[in-house]
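Chains, contacts and geometry: an overview
What follows is each chain in one-letter form.
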Amino acid sequence: MTIQQKITSLRDELREHNHNYYVLDNPTISDYEFDVKLKELQKLEEENPEFYDETSPTLRVGGAVTKNFETIQHEHRMYSLDNSYSKDDLEDWEKRIQRILGDVPVEYTCELKYDGASISLTYEDGKLVRAVTRGDGYQGDDVTTNIKTIKSVPLQLKGDYPPKFDIRGEIILTLEGFAKMNQERIANGEEPYMNPRNTASGSLKLQDSALVAERPLECLLYSIVGKNLEITSQFEMLDKARSWGFKVPTVAKHCKTTNEVMQFVEHWDVHRHDLPYETDGVVIKVNSLRYQEELGYTAKAPRWAMAYKFKAEQVSTVLNEITYQVGRTGAITPVANLEPVLLAGTTVKRASLHNADQIEKLDIREGDTVFVEKGGEIIPKIIAVDLGKRPEGSHPTQYIQHCPECETELIRKEGEAQHFCPNDTGCPTQITGRIQHFISRKAMDIEGMGSETVELLFKEGLIANYADLYVLTKEQVMPLERMAEKSAENLVNGVEASKTIPFERVLFALGIRYVGETVAKKLAKAYKNIDALKAASEEELVSVDEIGGRIAESVVQFFANPTNVKIVERLKSYGLQFSLSEEQLENQSDKLKGQTFVVSGVFETIGRTELKKLIEDNGGKVSSSISSKTSFLVAGANMGPSKKTKAEGLGVPIISEQEFLKML
Ligand code: AMP
Ligand code: ZN
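Let me begin by describing the structure that accompanies this report.

Conventions used here
Residues numbered from 1 in each chain as written. Chains lettered and ligands numbered in written order. Predicted model: local features only at pLDDT ≥ 70, side-chain atom pairs only at ≥ 80, totals over all residues. Heavy atoms only, no water. Helix = DSSP H or I, 4+ residues; strand = E, 2+ residues; numbered from the N terminus. Buried < 20%, exposed > 50% of the residue type's maximum accessible area, 1.4 Å probe, protein only. Contact = heavy atoms within 4.5 Å. Near = heavy atom within 4 Å. Polar contact = N/O pair within 3.5 Å; in protein donor to acceptor, adjacent residues only side chain to side chain. Areas by Shrake-Rupley, 256 points an atom, 1.4 Å probe, with all protein chains shown as cover. Nonpolar A, V, L, I, M, F, W, Y, C, P; charged D, E, K, R; others polar. Phe/Tyr/Trp six-rings, centres within 6.5 Å; stacked < 30°, edge-to-face > 60°. Lys NZ or Arg CZ within 6 Å of the ring centre and 35° of its normal. Pairing = 2+ DSSP bridges. Axes fitted to C-alpha atoms, helices over the stretch in contact; angles between N-to-C directions.

Relative to the helices and strands, Lys-158 is located in the loop between helix H4 (144-147) and strand S7 (164-173). Residue classification places Lys-158 among the partly exposed residues on the basis of a relative accessible area of 34%. Taking C-alpha positions, Lys-158 is 7.3 Å from Gly-126, a pair spaced 32 residues apart along the chain. Aside from chain neighbours lying at most four places away, what touches Lys-158 is His-19, Ser-243, Trp-244 and Gly-245.

Here the focus is the site of ligand 1. Taken together, the neighbourhood of ligand 1 is formed by 13 residues, with Ser-80, Ser-118, Arg-134, Glu-170 and Lys-285 sitting nearest. Leu-81 is positioned with one of its backbone polar atoms (N or O) 3.3 Å from an oxygen atom of ligand 1. Between ligand 1 and Tyr-222 there is a distance of 3.1 Å, counted from an oxygen atom to a side-chain nitrogen or oxygen. Bound to the protein, ligand 1 loses 87% of the 490 Å² it would expose on its own. Sorting the residues of the shell around ligand 1 by element identifies strand S3 (108-114) and strand S10 (279-286) as the ones contributing at least two each. For the shell around ligand 1, the element with the most residues is S3, which contributes four residues. Class assignment of the residues belonging to the shell around ligand 1 gives a composition of six nonpolar, two polar and five charged.

Aromatic rings in a pair are described by how distant their centres are and how their planes are angled relative to each other. All chains considered together, the criterion is met by 17 aromatic pairs. A centroid spacing of 4.4 Å and a plane angle of 15° characterise the contact between Phe-438 and Tyr-466, whose relative ring orientation is stacked. Here Phe-438, found in helix H12 (residues 428-439), pairs with Tyr-466, found in the loop between helix H13 (451-459) and helix H14 (474-477); they are 28 residues apart in sequence, far enough to count as distant. With a centroid separation of 5.7 Å and 80° between ring planes, the pair formed by Phe-597 and Phe-660 is classed as edge-to-face. With a gap of 63 residues between them, Phe-597 in strand S17 (residues 596-600) and Phe-660 in helix H25 (residues 657-663) connect regions that are remote in the sequence. Each of the two residues, Phe-597 as well as Phe-660, counts as buried. One Lys or Arg, Arg-185, reaches over the ring of Tyr-193 and ends 4.0 Å from the middle of that ring.

For the rest of this paragraph, the subject is the sheet that holds S7. Pairing within the open sheet is antiparallel, and its four strands lie in the order S5-S4-S7-S8. Edge positions in the open sheet fall to strand S5 (127-133) and strand S8 (217-225), since each of these has one partner strand only. Strand-to-strand twist of the sheet, defined as the mean angle between neighbouring strand axes without regard to direction, takes the value 30°. Sheet analysis places strand S4 (residues 117-124) next to S5, joined by six bridges and oriented antiparallel. By the bridge assignment, Thr-122 is partnered in S5 with Arg-130. Along the sheet face, helix H8 (residues 234-243) touches S7 and S8 and points at about 130° away from the line of S8.

Okay, here's the thing in structure tokens:
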């Protein structure tokens, strides 16, 4: 087999596995096996850039950055849908249709209305060439780079697809994926997202496609438009799209009468809560495409389609009290404590109020009767106040000015929705919250200790910060509630064992705001030890790949606080890991510090990935395009001629692989 054949066969194989996993939800190999094959392909492609293919499965990880999304005219306009809310509405619609078509029997295809962001994908010769948002229906934004990272969007089709067509669908986040994203955000001290739909649509406009790739987005398709498609019905269209590799939900049903349509609607009105994603209704379409054409469009929507909107599940209840929670980063979250009420199958006692603006906007007051709705959010939300039931003498809500836990005056930074308690080293909830984060599984992973133990130890005055954990003795712990000799011993041993946890996790455990797992890894790698990190200025920090201004500011603030510095010094004295290990350091140096490299072409003794890693491990930066800031262009065989011209034009020195290796 030639290298080219090997690459092609790996690409085909990985496409098939992507399809099995993301479209059919039926993987046939393990994630590990998939990764091994993907890495193999990545390596071959890097070593043989002449076989580049824009549809390669390796491009799914993203990386390309879009600064400005280009506006693109839709070749076929993207319409809206008319809405209906009852069987009567549907029967009226059917009458209107039959007036146009004459008295012929009309059949329908019923689909769910997926609640996300609309997208139009253009395929030519089986390849995805463009993805455009709906925009105003006539023109939208080119978000191709981001859409390519969504694994259920095929980059290369299979089967008997037409040479050119557009296909429409909806980009969604599953409820599970959305919940996971929010858990991570909360763990990193960030505000959770409000709902899956807005988050999905916001994802499409992220500049960094690598971030899009990390989000569990899916694309559900429902309509093909184009010329000479040789398809005769909506239902057949869905089947066809499925056979070419698209994700088309199989819940769609071919219905012969409006009665059958109503059965479909009633079924999903109840069972929608069992779906992995959100739906806000059903879309009913005239099945015959010939009839669709005859019916045509109004100014805004097709005459041949109708959305049937489910009633959002809503109840009204009394808001007894507004309370305020303090998170481990000091963020204040207002909570509505409700008179318990049944909603969408669960008893609801609390609703999220988000922040002060939200309370003010809806003028929510204690004692009000409020309407509560359950959308995709984890906790239900208040959507309005029943003003008719407002008790006499009620006063607008005064948002708290002081921390409910420590009385410190709250602050609110410009541009931020949330209030904060700035007393991060004295506020009890923040202290226990931080210690709980410190001991958590992804951080120091201290065995024999849970959140309740932390609260207990704090209450008993045995710990006031996470450094105190390291001087706890068995004798101190044993007399505590629910502790015995064995559990006390486990706890002390667990603390001791955590001293071998590597630097990047210790850094994450410190609980610096915005320093999540990934950021901690980046910082550990860039600075190698805590003293170097502590000495870094904001400007230096933002020059580290993927470290933004917000993170930089937060890191600097953390080390500007003498209490934090003292705690870190103590942890150091107890023997925790505050620098990269010998092994991690072995292959690293500062030799290329301050220099930026562009790598191009094929190399003899070393792979491209390896070469880039060498640059980064030695303190250099890798960039993908040549500019006046480029220090060197490392050139291999078959380097792109445009890169060479550009480098020469800007006076960027061009060096060979051997010359580069000598620099180390
Ligand atoms: P609206 O935005 O309420 O006017 O509804 C129209 C939108 O519903 C379309 O732009 C589509 O993006 C979306 N939609 C979701 N599911 C479907 C579906 N199965 N068929 C057609 N449109 C759908
Ligand atoms: Zn406080």
